[in-house]
Number of protein chains: 2
Amino acid sequence: MTQHRIRIDDPTDPRFDDVRDLNRSDAADRRLVIAEGNLVVGRLLESRFPVRCVVGFPAKLDAFLEEHEIPDGVPVYEVTRETLAAVAGFDLHRGLLAAAHRAPETPLADILTTARTVAVLEGVGDHENIGSMFRNAAGMGVDAILFGNGCADPLYRRVVRVSMGHVLRTPFAHLEGSYTTWQRSLEQLREAGFHLVSLTPDPAAEHLADALAGREKVALLVGAEGPGLTEHAMRATDVRARIPMAPGTDSLNLATSAAIAFYERERSLR
Amino acid sequence: MTQHRIRIDDPTDPRFDDVRDLNRSDAADRRLVIAEGNLVVGRLLESRFPVRCVVGFPAKLDAFLEEHEIPDGVPVYEVTRETLAAVAGFDLHRGLLAAAHRAPETPLADILTTARTVAVLEGVGDHENIGSMFRNAAGMGVDAILFGNGCADPLYRRVVRVSMGHVLRTPFAHLEGSYTTWQRSLEQLREAGFHLVSLTPDPAAEHLADALAGREKVALLVGAEGPGLTEHAMRATDVRARIPMAPGTDSLNLATSAAIAFYERERSLR
């Protein structure tokens, strides 16, 4: 509440470097985590990611600091809308953001000790889909998200925003290996007692409800929109499951399919 | 196959008026239906909407005309990327679009005669959500979408695109009345034998699976993200249903909630 706020009006001030040129491909959010807006900055502060600075319009900081305690030693920079736009490279109408260090991932072994439901992604390059998946996973009790080969960075700014900050709360880990070898890591999930389920539009696959019924621990594998899971990945799983689709229609969006699977998983545990 | 193609290089040519300034709020897509890209233009041609013109880059038209027959009397305009960008007001990298008249809506009575599952929206102003809902409705066997008060235009260009053209195929109708009176139209659904189900995040509501079990005809009511359905609307339904959510998380995105309800509906009919 007695937070020391520093007013900065010079966009070239090096204290802004953590939040500079956020739309550039070499922007700070490749090294750091960037949170935007009251809700998500609040979740960043409660997360395992060590916050480096908070930046905001005076009124936005007032509102935020009424509800949140910022740790000692974390600078709070007060800026005008114009200054922040010049720093970030675009107009940040939410008027509040924060940068944090990238904390190490949760070790896979730790995740597998306690989790009952995990999602495993392969080749998912779309930030919005990954963000939606974290939001839906949190909402429907999925304990962790694991990344196979070829996925986009889950700590990218857009993912953080679309996930509503849940990527900062839900544990995740990357499974090692290339396009054709990462699937071997799935053996660790099987050894930990997980029933491995591939989601596929293949009409010959089992109905999702049957594939999930009566399982203690479940790993739901989801592939990229379009190509879907590789045959390599599907072979490494116990069952192929489909969401029934009307004839002549398109497959569902990736995040939507996953959300339905998360729902069915929760339903199977009733 | 012997389609007469007319090359036009002057962006001010009045024959382009149907597809001019597409990002402007008074653009043609308020009066017409605009379809973009091979898949969606193809669906427009198969739809009940009378096509007025097709516009495209030469190579895109070649590919399209190999697979589709364009009715006699519908002009096909061949354009360069630069010309089309000048006409539309932005770079249309898909290189193919078409405009159609807005055909009248399917009469509600016709919909209710044959439909077993309908979705009813209230206050849904987001084009992307409406588009996703049409895509998911088509994929999971929902027969029609009905619009209560305060919804955005379902034939807006962005809806057509996000729906992957399914808004051109799935019947829809608007229910008449104001914010507090449109709900009376729901009586017609009840008379037609529909079980009326409100989707709500309210933890006191019934589990979605229980609310849908064993019902012959179902109408799924969905409100806007944030406020949800009005109390007026919920009171006019038979049951309030919830998707179970983990404590302390945010409610699901509107289109995602609806997709889960569509899935559960299909599942209840197995």
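As the structure is a computational prediction, the values presented were derived from the model and not from experiment.

1. Focus on the overall build of chain A
In step 1: Within chain A, the secondary structure is distributed over 10 helices and 12 strands.
In step 2: Expected size for 270 residues packed as a compact globule is a radius of gyration near 18 Å; at 21 Å, chain A falls within 12% of this value.
In step 3: Structurally, chain A occupies a C-alpha span of about 60 × 40 × 35 Å along its principal axes.
In step 4: The buried share of chain A, reckoned over its 270 residues, is 54%.
In step 5: Once local pairs closer than 6 in sequence are excluded, the contacts in chain A between residues at least 24 apart make up 77%.
In step 6: Only carbon and sulfur atoms are counted for the fraction: they give 48% of the accessible area of chain A, which is about 11200 Å².

2. Details of the relation of the copies chain A and chain B
In step 1: Its rotation angle being 180°, the transformation that places chain A on chain B also includes 0.1 Å of axial translation and leaves an RMSD of 0.0 Å. Both chain copies can therefore be described as sitting about a two-fold axis.
In step 2: Comparing interface residues between copies, 100% of those in chain A also sit at the interface in chain B, which points to an isologous, same-surface contact.

3. Things to note about the layout of surface pockets
In step 1: Looking at the largest pocket, its volume works out to about 1100 Å³.
In step 2: Only helix H5 (127-139), helix H6 (157-162) and helix H10 (254-268) of chain A together with helix H5 (127-139), helix H6 (157-162) and helix H10 (254-268) of chain B provide two or more residues apiece to the lining of the largest pocket.
In step 3: Its residues assigned to classes, the lining of the largest pocket shows 8 nonpolar, 11 polar and 16 charged.

4. Description of helix H1 (residues 38-45) of chain A
In step 1: Val40(A), Val41(A), Gly42(A), Arg43(A) and Leu44(A) are the residues of H1(A) that are buried.
In step 2: Against the buried residues of H1(A) lie strand E2 (32-36), strand E3 (51-56), helix H2 (58-67), strand E5 (96-101) and H6 of chain A.

5. Structural notes on the domain arrangement of chain A
Residues and elements named next belong to chain A.
In step 1: Taken domain by domain, chain A comprises domain 1 (5-101) and domain 2 (108-268).
In step 2: One C-alpha centre belongs to domain 1, the other to domain 2, and the line joining them spans 32 Å.
In step 3: Summed over both sides, the interface between domain 1 and domain 2 buries roughly 1400 Å², with carbon and sulfur atoms accounting for 54% of that surface.
In step 4: Applying the counting criterion to the domain 1 and domain 2 interface returns 3 salt bridges.
In step 5: Residue Arg-161 is joined to Glu-36 by a salt bridge in which the shortest nitrogen-to-oxygen separation is 3.5 Å.
In step 6: The tally of links from domain 1 across to domain 2 stands at 5 residue pairs in polar contact (both at pLDDT 80 or more).
In step 7: The set of elements that each furnish at least two residues to the side of domain 1 that touches domain 2 consists of E2 and H1.
In step 8: Top contributing element to the side of domain 1 that touches domain 2 by residue count: E2, with 5 residues.

6. Here we look at the sheet that holds strand E3 (residues 51-56) of chain B
Strands pair in a sheet through their backbones, by hydrogen bonds, and they do so in one of two ways: parallel or antiparallel.
Residue and element names in this part refer to chain B.
In step 1: Ordered in space as E1-E4-E3-E5-E2, the 5 strands form an open sheet in which the pairing is mixed. Of all strands in the sheet, those bounded by a partner on one side alone are strand E1 (5-7) and strand E2 (32-36). Sheet twist, expressed as the average angle between the axes of neighbouring strands with direction ignored, equals 20°.

7. With respect to unusual backbone geometry
Both trends apply: most residues other than glycine have a negative phi, and most peptide bonds are in trans.
In step 1: One non-glycine residue with positive phi stands out, namely Met164(A), at about 55°.
In step 2: Relative to the elements of secondary structure, Met164(A) occurs in the loop between H6 and strand E8 (172-174).

8. Here's the deal with the interface of chain A and chain B
Interface size is often expressed as the accessible area that is lost when the parts come together.
In step 1: Counting residues at the interface gives 34 residues for chain A, matched by 35 residues for chain B.
In step 2: Across the chain A/chain B interface, buried area totals approximately 2600 Å², and carbon plus sulfur atoms make up 48% of it.
In step 3: Its largest share of buried area at the contact with chain B, chain A owes to Arg135(A), Asp250(A) and Tyr263(A), together 23% of the area lost on that side.
In step 4: At the surface where chain A touches chain B, the tally comes to 6 salt bridges.
In step 5: Between Glu225(A) and Arg135(B) there is a salt bridge whose closest N-O contact spans 3.7 Å.
In step 6: At the junction of chain A with chain B, the criterion picks out 10 residue pairs in polar contact (both at pLDDT 80 or more).
In step 7: Among the elements of the structure, H5, helix H8 (208-212) and H10 of chain A are those that each provide at least two residues to the side of chain A that touches chain B.

9. Describing the environment of Arg169(B)
In step 1: Here Arg169(B) lies in the loop between H6 and strand E8 (172-174).
In step 2: For the pair Arg169(B) and Glu46(B), spaced 123 residues apart in the sequence, the C-alpha separation amounts to 8.5 Å.
In step 3: Setting aside chain neighbours within four positions, we find Arg169(B) in contact with Gly248(A), Arg43(B) and Glu46(B).

10. Focus: the UniProt feature "domain: tRNA/rRNA methyltransferase SpoU type" (unreviewed entry) in chain A
In step 1: Mapped onto the present numbering, the UniProt feature "domain: tRNA/rRNA methyltransferase SpoU type" (unreviewed entry) falls on residues 118-263 of chain A.
In step 2: Regarding residues 118-263 of chain A, the helix share stands at 31% and the strand share at 20%, and the terminal C-alpha atoms are separated by 13 Å.

11. Considering the pattern of salt bridges
In step 1: Overall, the coordinates contain 40 salt bridges over all chains when judged by the stated rule.
In step 2: Between Asp62(A) and Arg5(A) there is a salt bridge, with its nearest N and O atoms 2.7 Å apart. Highlighted residues: Asp62(A) in helix H2 and Arg5(A) in strand E1 (residues 5-7), separated in sequence by 57 residues.
In step 3: The exposure class of Asp62(A) is partly exposed, given its relative accessible area of 40%.
In step 4: A salt bridge links Arg52(B) to Asp18(B); its shortest N-O distance comes to 2.6 Å. With Arg52(B) in strand E3 and Asp18(B) in the loop between E1 and E2, the pair connects residues that are 34 residues apart, well separated along the chain.
In step 5: Residues participating in the shared-partner salt-bridge network are Arg5(A), Arg7(A), Asp9(A), Asp62(A) and Glu78(A).

Parameters and conventions
Residues numbered from 1 in each chain as written. Chains lettered and ligands numbered in written order. Predicted model: local features only at pLDDT ≥ 70, side-chain atom pairs only at ≥ 80, totals over all residues. Heavy atoms only, no water. Helix = DSSP H or I, 4+ residues; strand = E, 2+ residues; numbered from the N terminus. Rg over C-alpha atoms; globule rule 2.2 N^0.38 Å. Buried < 20%, exposed > 50% of the residue type's maximum accessible area, 1.4 Å probe, protein only. Contact = heavy atoms within 4.5 Å. Areas by Shrake-Rupley, 256 points an atom, 1.4 Å probe, with all protein chains shown as cover. Least-squares fit on C-alpha atoms with pLDDT ≥ 70 in both. 1 Å grid on protein atoms, 1.4 Å probe; cavity = no way out; pocket = protein on both sides within 12 Å on 5 of 7 lines; lining within 4 Å. Points joined across faces, edges and corners; volume = space filled by probe spheres on them. Nonpolar A, V, L, I, M, F, W, Y, C, P; charged D, E, K, R; others polar. Domains from an automatic or database assignment. Buried area = accessible area lost by both parts, 1.4 Å probe. Salt bridge = Lys/Arg side-chain N within 4 Å of Asp/Glu carboxyl O. Polar contact = N/O pair within 3.5 Å; in protein donor to acceptor, adjacent residues only side chain to side chain. Pairing = 2+ DSSP bridges. Axes fitted to C-alpha atoms, helices over the stretch in contact; angles between N-to-C directions. UniProt positions renumbered as here; feature names shortened; annotations may be inferred.

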